[in-house]
Amino acid sequence: MPLFWLILAVLGVALAGFILGRSRALGHAGGDSRGLHSLPNYYGWNVALKIMVPAFGLLVVWLLLQPLYITSQISEMIPEASVADGGSLGLVLAEVRRAAEGLDAAVASGAMTEEFARDVRADFADVTQRLKDAGQIVTGTITQPILNAAQSYRIMTATGNMAMSVAVLVLALAGLAWGLRQTGVSFRARNVVETSVRALLIAAASVAILTTVGIVLSLVFNTVEFFRLYPASEFFFGTNWAPSFSGRGGASDLGVIPLLWGTFYISIVALLVAVPIGLFAAIYLSEYASSRVRSIAKPAIEVLAGIPTIVYGLFALLTVGPLLMEVFGKEGLGWMQSGTSVMTAGLVMGIMLIPFVSSLSDDIINAVPQAMRDGSYGLGATQSETIRQVVLPAALPGIVGAILLAASRAIGETMIVVLGAGAAARLELNPFEAMTTVTAKIVSQLTGDADFASPEALVAFALGMTLFVLTLGLNVFALFIVRKYREQYE
Amino acid sequence: MTDASIDTAPAAGGKGSLLGSDARTKKRNAAEKRFRLYGMAAIAIGLFFLLVLFVSIIRSGAPAFTRTVVDVEFTLTQAEFEAAESELFKTKAYSNLFIQKLKSQLDAAGVEAEFDESAIERLLGKVGSTLREFYRANPEQLGQPVDFELAASSRVDGYFKGRVSRDTLQDSRFLQVSDLDLVDRLEEAGVIRQAFNWPFITGADSGVDNPGGAGIGASVVGSFFMMLVVLALSLPIGVAASIYLEEFAPKNRWTDLIEVNISNLAAVPSIVFGILGLAVFIQFMHLPQSAPLVGGLVLTLMTLPTIIISTRASLRAVPPSIRDAALGVGASKMQAVFHHVLPLAMPGILTGTIIGLAQALGETAPLLLIGMVGFVARGYPDGFIAGFTEPNSAMPAQIYTWATRADAGFYEKAWGGIIILLAFLLTMNIIAIILRRRFERRW
Amino acid sequence: MYDAPKTAESTVSQNEIKFDCRDCQVWYGDTHAIKDVNIQIEDNTVTSFIGPSGCGKSTFLRCLNRMNDTIDVARVEGQFLLDGEDIYDRKVDPVQLRAKVGMVFQKPNPFPKSIYDNVAYGPKIHGMAKNKAELDEIVERALRRGAIWDEVKDRLDQPGTGLSGGQQQRLCIARAVATEPEVLLMDEPCSALDPIATALVEELIDELRTRYSVVIVTHSMQQAARVSQKTAFFHLGNLVEFGDTGEIFTNPNDPRTESYITGRIG
């Protein structure tokens, strides 16, 4: 992997730079480090940083831009006619890339020479035959223009990679020269190094911003693309969810309302389980339990929070679902058609949320000053009266915040609903009916065979956007409430 | 202060004796008991759920660690080998040889059983080709006795574990009721038995019709490579970001924005990170699909907020006097942080990182979107770099894949996979707890 | 060991004894916080507990309405007789006891509710009012006795936390008297207040004496001298001296009391 070697090479130059810079500084000072402005290592680091930062920076930028540039060049080469009906440029480009990889593999296995693979005038039939001989899959959609595009794609990629390696190495060496030239007795190496380290720290802190920007951009672009293919009003107000399976557009109904209904229904069931249990558990632990009981029960309940959601999903699908079926299914009350249902998913999700509600509420109840409780006991209130009439009202905003955070968790939870809630989008009231949620549909639309450019796949981004906005709103609101609450008692 | 009604005011405690309690107090105390009971019930329910969860995991998962094997001692002479190789249906010739040996072995044990080739195929799969491959690869074993441990089919395995019984079994090309009699005979002769299922722990995923051969080993390796990526990226970036925010950042809009961002990112649903990974790493950057590298990148972004939040807490726990002391002897701010504060905060940072890694290890949803679903963990990667770039699955994604397959034999594997996943998580959490216990410092 | 109760018994009193405490001990975990305290607290009298920090005066005060029950590690021994009944008897419900023995705390601690609800809370939980009109009456009476009625009568529905510190403390006193207690315990009620608010509260304490037995813990000797008729001096968990306030301040029996009053310990 040449990229790997390139990185190693830059690191090697940096190591050399470190040693050179350090010894050069010491040399200038006549071997006595007391004559230097900074410690000798700082001179080494100065050189090493001047090598690594620009070189790796260029590398990253190049790696990001090169595919974009090549894609735009290749797109120009592909004639309009090659973009088949119902297909898209993206599909053709993917084909080009596949063909290029096939050529690479064929060259690597010796089925054709490098020159042959690059030869634009090579006979089409001959090339495809050799590709087949090399064990490459040749689809019927490879045509002469696509092959030619693949050939120039390979050439451009190879040239680009070569140019990149050269540029990066030259930059690294230039950095080495620059760093060494600066090195001298009075050079303030420590200050320079510290400034650059600080810049690196800032860059690291900005990753959080970049992540958010990345999330928003990837959602927005694809959502806009989706709304170009499918009317927004039908997405937001459509009451029917029935994507066609062809993955090529056509008669799909992509209304979000049944999915939102399923999401909310399951979340409400989950909260109905988690909030009373979690809240009472928190009250008991913080107000009644002896320290021994607390030291055992609190971590035990929090274990529930450390269990991966896939485990809960399996628990819903294989344990809770069949159990509910025995009681509410055909043998029992006859309300339930299959093991997957709103009840199944909601119940299990509720279990998952218990520790979430209880530990947040526990913190919040503990933040209520003891003076409040003393005031109430001093008047002759019992402990439960104190809790219900003084502690809980005082903690209410914080608890509401905690419940909102739990609700946002429930809305965004994926694995439990994918495995436990079912796949059918329904607008019904029976909690023993299978329903589906926004998250479950994101998974099913993006893991199927649908083409990325089709509305069936793009709708997942619109769903993701809906989910993101919903949970973000809830989180911001909840965090705001909790923070306000904390300030009140600080 | 001269209120006429003062003297007629009713007293709360009553002027009566303290020793007897009135009806109202009794009622209030009953309410108190009830309330307390609710709390205890809530705790009990929570613990009950935990118990049910673990019991069902262990009960359903334990069978995945045993498998049913048939022991046959087999000697193939050079002549037999050549004779079989010269036939038109070579594997059939081998399986006929096998049947002869098995029959003689049963006779020796004094067990009578009737079976034909198709029954053997239903029980043990294509024995002929297994034998042929073995002898073609190891010709030096010809003429010597070789012990074969052949895996029984998943339905026979299910018969041993109680998943399949005579009442529920319907004759099919996979297994017939009469075969179960044969299995009983074989058990009598000590030929068929339960053994520890090493292939489950070391093996790769199998096709959709072969639950018996599915193993979790390859996806453990996939998870391992992902965790390498997460550790290599999230620890330095997380620590650097925390140091900046906690020690250097001026109070301004940009810092506020970063802070709000981090607390919000910590609460963004994991599936959204999957969408980000799909759009940015796969669609935009054209990184390979299903690769642990991409999985690791997505999980890094997801874990970063957790690591930053815990790292900042540990940095904050180092008292300012330490910083003052360092600055007081003329260290720069940067030196004070890197020489004194960071080493002191390190145990806390490592604990937080391990917990973040454990969270990432169990995360499934984003991995599904970047293609770690379906039959991807086909084998071990060849080489270190291939470990990052070749398609592979991860433990939770593999469990999901098994859970969605039609054959119920895979469910057992999924539960077994969960036991292994939880064992990893438990180990990581115990390490974190030990770290915290050993190095925790109270200022 | 100095024998405290002799001093107490030697005091001739006109009022009947409200609290009779004999051989009282308190442990916090392994710490012996109160040692062999014997004291008799009279009705319609203000009794003040003085002594240096950590001498056990607040601890002892909290024993009188069993507030120490809420602390897990606290252990109380001895007899605390309220009107002849041991308040630590197994049959006694601390809830009923606290309705009889009200308490006001060091820092004003109004509930985050309206002024009205703050005062009405006690009467409500004890079921003192049959209807809203009665409750209104109780609240008004309590606020009048707390000497704060005129300041808050127009804003009863506003949060109690919005009042000034002195007002909050008087609100807390009103809240405590709303349940018609017989004894009122005050734990440094003025330590968080400015001088003017303190003067108001002290005046109030004097008025409260006509109706209740008031026990006040204070750091300020001047305050003890101003408001109380009886003073008890605590030192290192012992009750060193107990007697008429004038006697204690002008002619203390014990050298430790004298040192404290003259400012040499404390």
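Residues numbered from 1 in each chain as written. Chains lettered and ligands numbered in written order. Predicted model: local features only at pLDDT ≥ 70, side-chain atom pairs only at ≥ 80, totals over all residues. Heavy atoms only, no water.

## Considerations on the overall build of chain A
- Looking only at helices and strands, chain A features 17 helices and two strands.
- In terms of overall size, chain A is more extended than a compact globule, its C-alpha atoms giving a radius of gyration of 31 Å where 490 residues would be expected to give roughly 23 Å.
- Residue burial in chain A is summarised as follows: out of 490 residues, 50% are buried.
- Considering only intrachain contacts with a sequence separation of at least 6, the fraction spanning at least 24 residues in chain A is 73%.
- As displayed, chain A has an accessible area near 21,600 Å², and 66% of this comes from carbon and sulfur atoms.
- For chain A, the distance from the average site of its 29 positive side-chain charges to the average site of its 33 negative ones is 13 Å. (Helix = DSSP H or I, 4+ residues; strand = E, 2+ residues; numbered from the N terminus. Rg over C-alpha atoms; globule rule 2.2 N^0.38 Å. Buried < 20%, exposed > 50% of the residue type's maximum accessible area, 1.4 Å probe, protein only. Contact = heavy atoms within 4.5 Å. Areas by Shrake-Rupley, 256 points an atom, 1.4 Å probe, with all protein chains shown as cover. Lys, Arg positive; Asp, Glu negative; His and termini not counted. Charge placed at Lys NZ, Arg CZ, Asp CG, Glu CD.)

## Some points on unusual backbone geometry
All names here are of chain C.
- Even without glycine at this site, asparagine 44 takes up a positive phi of about 50°.
- With respect to the helices, strands and loops of the structure, asparagine 44 is situated in the loop between β2 (31–42) and β3 (46–50).
- The phi dihedral of arginine 66 is positive, around 55°, even though this residue is not glycine.
- Among the structural elements, arginine 66 can be located in the loop between α2 (57–63) and β4 (74–82).

## So, the interface of chain B and chain A
- Counting residues at the interface gives 76 residues for chain B, matched by 81 residues for chain A.
- Carbon and sulfur atoms make up 79% of the surface buried where chain B meets chain A, a total of about 6,800 Å² over both sides.
- In this structure, the connection of chain B to chain A is made through one salt bridge.
- Residue Glu385(A) pairs with Arg28(B) through a salt bridge whose shortest N-O separation is 2.8 Å.
- At the surface where chain B touches chain A, the tally comes to 11 residue pairs in polar contact (both at pLDDT 80 or more).
- Per element, the largest residue contribution to the side of chain B that touches chain A is 21 residues, and it comes from helix α1 (residues 23–61) of chain B. (Buried area = accessible area lost by both parts, 1.4 Å probe. Salt bridge = Lys/Arg side-chain N within 4 Å of Asp/Glu carboxyl O. Polar contact = N/O pair within 3.5 Å; in protein donor to acceptor, adjacent residues only side chain to side chain.)

## Focus on the domain arrangement of chain A
- Taken domain by domain, chain A comprises domain 1 (2–187) and domain 2 (253–488).
- Look at where the C-alpha atoms of domain 1 of chain A and domain 2 of chain A centre, and you get two points 48 Å apart. (Domains from an automatic or database assignment.)

## So, the domain arrangement of chain B
Residues and elements named next belong to chain B.
- In terms of domains, chain B is made up of domain 1 (65–196) and domain 2 (217–439).
- Once you take the C-alpha centre of each, domain 1 and domain 2 turn out to be 47 Å apart.
- Domain 1 puts five residues into the contact, and the matching count from domain 2 is six residues.
- Taken together, both faces of the contact between domain 1 and domain 2 bury some 410 Å²; the carbon and sulfur share is 51%.
- Per-residue buried area on domain 1 facing domain 2 is highest for Phe65, Lys161 and Arg163; these three make up 81% of the total on that side.
- Summed over the shared surface of domain 1 and domain 2, the number is one salt bridge.
- Taking the shortest distance from any N to any O, the salt bridge between lysine 161 and glutamate 412 comes out at 3.0 Å.
- Between domain 1 and domain 2 we count one residue pair in polar contact (both at pLDDT 80 or more) in total.

## Here we look at helix α1 (residues 2–28) of chain A
Residue and element names in this part refer to chain A.
- With 27 residues, α1 extends 38 Å between its outermost C-alpha atoms, agreeing within 8% with the 39 Å of an ideal straight helix rising 1.5 Å per residue.
- Listing the buried residues of α1 in full gives Leu6, Val10, Val13, Ala14, Gly17, Phe18, Gly21, Ala25 and Leu26.
- On its buried face, α1 is in contact with α2 (40–77) and α6 (144–182). (Expected span 1.5 Å × (residues − 1).)

## What about the interface of chain A and chain C?
- Every contact between the two is made by 17 residues of chain A and, on the other side, 22 residues of chain C.
- Buried surface at the junction of chain A and chain C, summed over both partners, amounts to about 1,600 Å²; 64% is from carbon and sulfur atoms.
- Counting across the interface, chain A meets chain C through zero salt bridges.
- Every element with two or more residues in the side of chain A that touches chain C is listed here: α13 (370–378) and α14 (383–412) of chain A.
- It is α13(A) that contributes the most residues to the side of chain A that touches chain C, seven residues altogether.
- When its residues are assigned to classes, the side of chain A that touches chain C shows eight nonpolar, seven polar and two charged. (Nonpolar A, V, L, I, M, F, W, Y, C, P; charged D, E, K, R; others polar.)

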